[in-house]
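# Summary of structural features
Single-letter residue listing:
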Amino acid sequence: YMTPSIVEHLMAGKVALGGVSLEVSILFSDIRDFTSISEHMDAHELVALLNEYFTAMVDIVIDEGGVVDKYIGDAIMAVFGAPVPGAEDTLHAVRAAVRMRAALEKLNADLERRGKPALKTGIGIHTGTVVAGNIGSESRMEYTVIGDTVNLASRLEGKTKELGVGIVISEDTWAMLEGKIVARRLSEITVKGRAQPVVVYEVTGMVDDAEAA
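The shown structure was predicted, so the numbers you read here are calculated from the model rather than taken from an experiment.

Criteria and cut-off values
- Residues numbered from 1 in each chain as written.
- Predicted model: local features only at pLDDT ≥ 70, side-chain atom pairs only at ≥ 80, totals over all residues.
- Heavy atoms only, no water.
- Pairing = 2+ DSSP bridges.
- Helix = DSSP H or I, 4+ residues; strand = E, 2+ residues; numbered from the N terminus.
- 1 Å grid on protein atoms, 1.4 Å probe; cavity = no way out; pocket = protein on both sides within 12 Å on 5 of 7 lines; lining within 4 Å.
- Points joined across faces, edges and corners; volume = space filled by probe spheres on them.
- Nonpolar A, V, L, I, M, F, W, Y, C, P; charged D, E, K, R; others polar.

Before going further, it helps to spend a moment on the pairing of strand β1 (residues 20-31). Here β1 runs beside strand β4 (residues 121-136); their pairing, made up of twelve bridges, is antiparallel. Looking at the pairing, Ile26 lines up with His126 of β4.

Turning to empty space enclosed by the protein, a few remarks are in order. Taken as a whole and assessed by the stated rule, the structure comprises one cavity of 30 Å³ or more. Counted as a void, the largest cavity has a volume near 30 Å³. In terms of lining residues, the largest cavity is bounded by Ile6, Val67, Asp69, Val79, Ala82, Tyr143 and Val145. Those elements giving two or more residues to the lining of the largest cavity turn out to be β2 (67-72) and β5 (141-146). The residue inventory of the lining of the largest cavity, partitioned by class, reads six nonpolar, no polar and one charged.

Turning to the layout of surface pockets, a few remarks are in order. Size it by volume and the second largest pocket reaches roughly 210 Å³. If you trace the second largest pocket, you find 15 residues lining it, with Arg101, Ala102, Leu104, Glu105 and Gly166 closest to the centre. Secondary structure elements with two or more residues in the lining of the second largest pocket: α4 (89-113) and β8 (198-206). At six residues, the largest contribution of residues to the lining of the second largest pocket is made by α4. Looking at the lining of the second largest pocket residue by residue, the classes come out as six nonpolar, four polar and five charged.

Shown next as structure tokens:
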């Protein structure tokens, strides 16, 4: 299933067969310890729980102008800035993450009332250049984005549990939003596939929201 923005782009013939380079913000969100949760639920309960969770999270991504590129098991990969780049894609990506965490708290309160297990998630965001276009085989293709930016965003999500935080962003993302987000520098970390360490930040909110409160 494709989002309306991608369908419109494809139907208008605006997607180059070889792909185009775009600067985007990639958001990865994953449920922690999902295997343990799935062991204690039957298949129907598990699918219902995932659908409820995905609905809440994806509604926020779409509301912030993002595109859900794919689901990877219980993980969500969202792109902000493709197929059509915008001036505030990075801001929308981080705000989506903050809103997703708030929505998870509400969902968990509802799950607890129904005797269901609470969900814990980690979110990683990185901003950089990707190649966006039709990728696949002659029999099946999909519009997606690939590149080191995608890999790093996924690695950052994977570090959230180790760092003990909910949202981790790269320094590249933070540099574009300094003064607009509530964030603190965590440390330099090494990630698989990268020789150079990456400076990361924890995001706890948006400056506009903090000032309004």
